[in-house]
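Here is how the chains run, residue by residue.
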Amino acid sequence: MSTLSPARTTSPVPGAAQRHRGSALLGAVALLLAAAAASLFWGARSVDPATVLAVLGQLPAALLDGGWSQVSAGLGIDAAVVHSRIPRTFTAVLVGAALAVAGAGMQGVSRNPLGDPGLLGLTAGAAAAVVLGIGWLGASAAWQLTALALAGSAVAAVLVFGVSRLGGGSPTPAGLALSGAAVSAGFTALTSSAVLAVPAVLDRFRFWNIGSVTRADLPDVAAVAPLVLLGVLLVLGGSSGLNAMALGDELAHGLGVDLGLQRALVFVGVVLLSGAATALAGPIAFVGLLVPHAVRRLLGGDYRWIVVLSAVLGPVLLLLADVVGRVLTPPQEIHVGVTTVVLGVPVLLVLLRRGRSVGL
Amino acid sequence: MTPAFRIRGLDLGYGDRPVVHEVDLDVAHGCTTVLIGANGCGKSTLLKGLSRQLRPAGGTLEADGRDVRSWSSREYARSVSLLPQSPVVPEGLTVAELVERGRHPHRRWWGAPSPDDDAAVARALELTELTALAARPVEELSGGQRQRAWIALTLAQGARTMLLDEPTSFLDLAHQVDLLDMLHGLEHPDGTRATVVAVLHELNLAARVADRLVAMADGRIVATGTPHEVLTPALLAEVFGLRADVAHDPVGGHPVVLPRGRAREGSSPDLPDLPVLSDLPDLPAVPAAPSAAEPARR
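Note that the coordinates shown come from a computational prediction; the quantities given were computed from them, not determined experimentally.

Chemist: What is the right way to read the overall build of chain B from this model?
Modeler: Counting its regular elements, chain B contains 10 helices and 12 strands. Sequence-distant contacts, at least 24 apart, represent 63% of the contacts inside chain B between residues at least 6 apart.

Chemist: I'm lost on the overall build of chain A in this one. Help?
Modeler: Within chain A, the regular secondary structure consists of 14 helices and 0 strands. In sequence order, chain A lays out its α and β elements as α-α-α-α-α-α-α-α-α-α-α-α-α-α. Here chain A holds 360 residues, and the buried ones make up 49% of them. A fraction of 78% describes how many contacts in chain A between residues 6 or more apart in sequence connect residues 24 or more apart.

Chemist: Teacher, can you tell me more about the environment of Thr94(B) here?
Modeler: All names here are of chain B. Its location among the elements puts Thr94 in the loop between strand E6 (80-83) and helix H3 (95-100). The exposure class assigned to Thr94 is buried, which follows from the 21 C-beta atoms found within 10 Å. C-alpha of Thr94 to C-alpha of Trp71: the two residues are 23 residues apart in sequence and 32 Å apart in space. Apart from the residues within four sequence positions on either side, Thr94 is in contact with Ala134, Ala135, Arg136, Pro137 and Val138.

Chemist: How should I be thinking about the nonpolar core in this particular structure?
Modeler: Where a protein is soluble and globular, its nonpolar side chains tend to be buried together. Counting residues in hydrophobic clusters, the biggest one holds 179 residues, and the most contacted among them are Val95(A), Ala98(A), Val101(A), Ala276(A) and Val99(B). If one sorts the elements of this core by residue count, helix H13 (residues 303-327) of chain A sits on top with 16 residues.

Chemist: In this structure, what is going on with the sheet that holds E6(B)? I would like to understand it.
Modeler: Two strands in a sheet stick together by hydrogen bonds in their backbones, pointing the same way (parallel) or opposite ways (antiparallel). Residue and element names in this part refer to chain B. Here we have 6 strands laid out as an open sheet, ordered E6-E7-E8-E3-E9-E10, and mixed in their pairing. Each having just a single partner strand, E6 and strand E10 (220-225) make up the two edges of the open sheet. Sheet twist, expressed as the mean angle between neighbouring strand axes with direction ignored, is 20°. The pairing of strand E9 (residues 212-217) with E10 spans 5 bridges and is classified as antiparallel. Residue Met216 lies in a different strand from E10, and its bridge partner there is Ile221.

Chemist: Please explain the environment of Ala24(A) as it appears in this structure.
Modeler: Relative to the elements of secondary structure, Ala24(A) occurs in helix H2 (residues 16-41). Along the sequence, Ala24(A) and Ser239(A) sit 215 residues apart, while their C-alpha atoms lie 19 Å from each other.

Chemist: Looking at this structure, how should I read the interface of chain B and chain A?
Modeler: You'll often see interface size given as the accessible area lost when the parts meet. On the chain A side, the residues contacting the 35 residues of chain B number 32 residues. Where the side of chain B that touches chain A is concerned, the elements lending two or more residues are helix H2 (73-79), E6 and H3 of chain B. When residues of the side of chain B that touches chain A are assigned to their parent elements, the largest contribution, 4 residues, is made by H2(B). In the side of chain B that touches chain A, the residues fall into 18 nonpolar, 9 polar and 8 charged.

Chemist: Would you explain the sheet that holds strand E2 (residues 17-27) of chain B in this entry?
Modeler: An order of E2-E1-E4-E5 (chain B) is seen for the 4 strands of this open sheet, with the pairing classed as antiparallel. What marks the edges here is a single partner per strand, and that holds for E2 and strand E5 (66-67) of chain B.

Chemist: Teacher, can you tell me more about helix H11 (residues 259-281) of chain A here?
Modeler: The α-helix winds at 3.6 residues per turn, so residues separated by three or four positions along the chain end up facing the same way. Residue and element names in this part refer to chain A. Between its terminal C-alpha atoms H11 stretches 32 Å, which fits the 33 Å expected from 23 residues at 1.5 Å a residue. A large share of H11 lies buried, amounting to 18 of its 23 residues. Just downstream of H11 lies Gly282, where phi reads positive at about 75°.

Chemist: Would you mind showing me how to read the confidence of the model for chain A here?
Modeler: Any residue range with low pLDDT should be treated as having predicted coordinates unsuitable for detailed reading. Residues and elements named next belong to chain A. Per-chain confidence: chain A averages 79 in pLDDT, with 85% of residues scoring 70 or above. The secondary structure element of chain A with the lowest average pLDDT is helix H1 (residues 6-9), at 38, and the one with the highest is H13, at 91. Between residues 356-360, whose pLDDT stays under 50, and residues either more than four places distant or in other chains, the model counts 2 contacts.

Chemist: For this particular structure, what's the right way to read the packing of helix H4 (residues 115-127) of chain B against helix H5 (residues 143-156) of chain B?
Modeler: A packed helix pair is summarised by two numbers, namely the angle formed by the two axes and the spacing between the axes. Residues and elements named next belong to chain B. It is at 8 Å that the axes of H4 and H5 come closest, and there the two elements cross at 145°. Between H4 and H5 the crossing geometry is right-handed. Residues Ala120, Val121, Ala124, Leu125 and Leu127 of H4 touch H5, and the partners they reach there are Ala152, Leu155 and Ala156. Residues that form the contact of H4 with H5 fall into these classes: 8 nonpolar, no polar and no charged.

Chemist: Looking at this structure, I do not really get the packing of helix H12 (residues 287-299) of chain A against H13(A). What am I missing?
Modeler: Residues and elements named next belong to chain A. One way to put it is that H12 packs onto H13 with a least axis distance of 9 Å and a crossing angle of 125°. Our classification of the angle between H12 and H13 gives oblique. Crossing handedness for the pair H12 and H13: right-handed. Of H13, the residues touching H12 (which contributes Val287, Val291, Pro292, Val295, Arg296 and Leu299) are Trp305, Ile306, Leu309, Ser310, Leu313, Gly314, Leu317 and Leu318. Residues that form the contact of H12 with H13 fall into these classes: 11 nonpolar, 2 polar and 1 charged.

Chemist: Would you mind showing me how to read the confidence of the model for chain B here?
Modeler: All names here are of chain B. For chain B, the mean per-residue pLDDT works out to 83, and 87% of the residues sit at or above 70. Confidence over residues 267-298 falls short of pLDDT 50; this stretch has 4 contacts with residues more than four positions distant or in other chains. Complex prediction metrics read pTM 0.81 and ipTM 0.79.

Chemist: I'm lost on the pairing of strand E7 (residues 161-165) of chain B in this one. Help?
Modeler: On any regular strand, side chains alternate: one points to one face of the sheet, the next to the other face. Residues and elements named next belong to chain B. With 5 of 5 residues buried, E7 lies mostly within the body of the structure. The two faces of E7 match: Thr161, Leu163 and Asp165 on one face and Met162 and Leu164 on the other face are all buried. Relative to E7, E6 is paired through 4 bridges, and the arrangement is parallel. When the bridges of E7 are listed, Ser81 appears paired with Met162.

Chemist: How should I be thinking about the pairing of E2(B) in this particular structure?
Modeler: In terms of strand pairing, strand E1 (residues 5-14) of chain B meets E2(B) through 7 bridges, oriented antiparallel. For Tyr14(B), the partnering residue across the bridge sits in E2(B) and is Arg17(B).

Chemist: Looking at this model, I keep getting lost on helix H6 (residues 173-184) of chain B. Mind explaining?
Modeler: All names here are of chain B. The first and last C-alpha atoms of H6 sit 16 Å apart over 12 residues, in line with the 16 Å expected at 1.5 Å per residue. Buried within H6 we find Gln176, Leu179, Leu180 and Leu183. Down the axis, H6 shows its buried residues gathered within 95° of arc, on one side only. The exposed residues of H6 that point more than 90 degrees off its buried face are Ala174 and Asp181.

Parameters at a glance
- Residues numbered from 1 in each chain as written.
- Chains lettered and ligands numbered in written order.
- Predicted model: local features only at pLDDT ≥ 70, side-chain atom pairs only at ≥ 80, totals over all residues.
- Helix = DSSP H or I, 4+ residues; strand = E, 2+ residues; numbered from the N terminus.
- Contact = placed C-beta atoms within 7 Å.
- Buried ≥ 20, exposed ≤ 12 C-beta atoms within 10 Å, placed from the backbone.
- Core = buried A, V, L, I, M, F, W, Y, C linked by C-beta atoms within 7 Å.
- Pairing = 2+ DSSP bridges.
- Axes fitted to C-alpha atoms, helices over the stretch in contact; angles between N-to-C directions.
- Nonpolar A, V, L, I, M, F, W, Y, C, P; charged D, E, K, R; others polar.
- Expected span 1.5 Å × (residues − 1).
- pLDDT = per-residue confidence, 0-100.
- Left-handed = near helix turned anticlockwise from the far one by under 90°.
- Parallel < 35°, antiparallel > 145°, perpendicular 65-115°, else oblique.
- Arc of directions from axis to C-beta.

Pasting the structure below:
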């Protein structure tokens, strides 16, 4: 407390914080472009940058002509490799944005800086639904898994809200976290027993259960993109309310916030986002926790900015993690679910260290 | 003039547990009204009713002449602000950012702060003497500074009426006096005095700051009036179960409550004093005390 530097106690220049955030957003967008370029140009197989540019140049015309299937036909191996990188780049962008924004929304709604979609059992619900679908409904197509994951998230969300309201009254952050833990444990148990009972499910589930951005194809990405967009808009719409709710429910009410409406808005957004992300890439941990937390540490606690910057920086983390996974052990690739954690943990630790020396 | 609140036969409660019964009260604009009463007497519940956190279970509650149920949330927040007992300090906010959140009911969903917002925040910081600390993280403030920051947030909200639930708890005496004097002298930018409704526990401070005291017991209003009218030995015995003398402050003339002990059911004023701390070392006497008290209870 006594280690304040004199500079921090001087009165602020009006609007300085806004400019600071504006440049942070520009920087984040530049990072995103760089990461996307890295994802297209780098891989386990080295491809001449000119080929990459050529393939990218043909892409718009080919898509207009006859859709994605036309594009991949009759190409050299290098071009085919580049083609395989395009959907995974889009997948990483969508999934990264979805997870990071879902985490931001969850942290706001549960007023818990460690909140992420996993906290409220949403990913566990999605995983359980996918396992049951694979095992008993014979689901295999991507859209089927997408629908299952979304349905699982939604069921988990309804359960969590229902359980947290058992005591009567509107759900409190603590009540949500507790019932989320209970529902999450229940779904995890369901998943484990299904996987143990039906060995055939185990093989496919084991594959699905490692987060990866390589499974989804462009049509899947296109199908899920509107859901992600809607989810981001919903969370963004509730972010102003989240700012007020961060001061406590009573004060937020006094500030004229409709708590139930704002919570529902954000919660529906989070369900859509985590369901969509899980459907495309399987469960990927840590993005939802790390990215909003990092943004808050760097730019302060305004949820409108936390959501916007999370939507940009989430993809950056996932793209970089994917690129690292590709180039680390060629020709083998490491799944992004693993590399995200490997990249994310040091970043989080550095942020926490910084936070401690500055904040307390 | 239309009163800030016109309350007639108001019942309030949680679920089917009624707490406040048939309250009639007019709260005038430009006054500081302080609710006093023992713990659990319903004063905080009444404040929750005034801030629309609880719906009236019966009776009428009008703010500025309109039934509170007919206001929209934002409209109400521009007219009536609330400082709850224990607001949450969010991570990573500076004092200025915290105070700016008080502008929520005036702002669009996005959009930069308007000149009105900036002026209201600057004024709130100035009134609470926080201008120099505006760029400090809220977590680094002392208890007194933090409470001033919450008051500043409530001020920045720009509502004509401010509801304060025990704004001085956790503050030392000097800071309590400081804060209440500031509240007492509060004026809106147009020069009119702010309307303040506060719950306070410290009776002498309440007497010092209040234009009107409202004493509550068991969910009902027992007395309203100036501090002189309300703070009488008889009322203190009834409301707080407190045996006390009331003196007058030679400076300012406020009533001063001098507690003498706990009043008992049907007790006479010349009851012997209750044991004081100095009796405690006399250990052999302690076991004897319950047996002596036993017959009296039966």
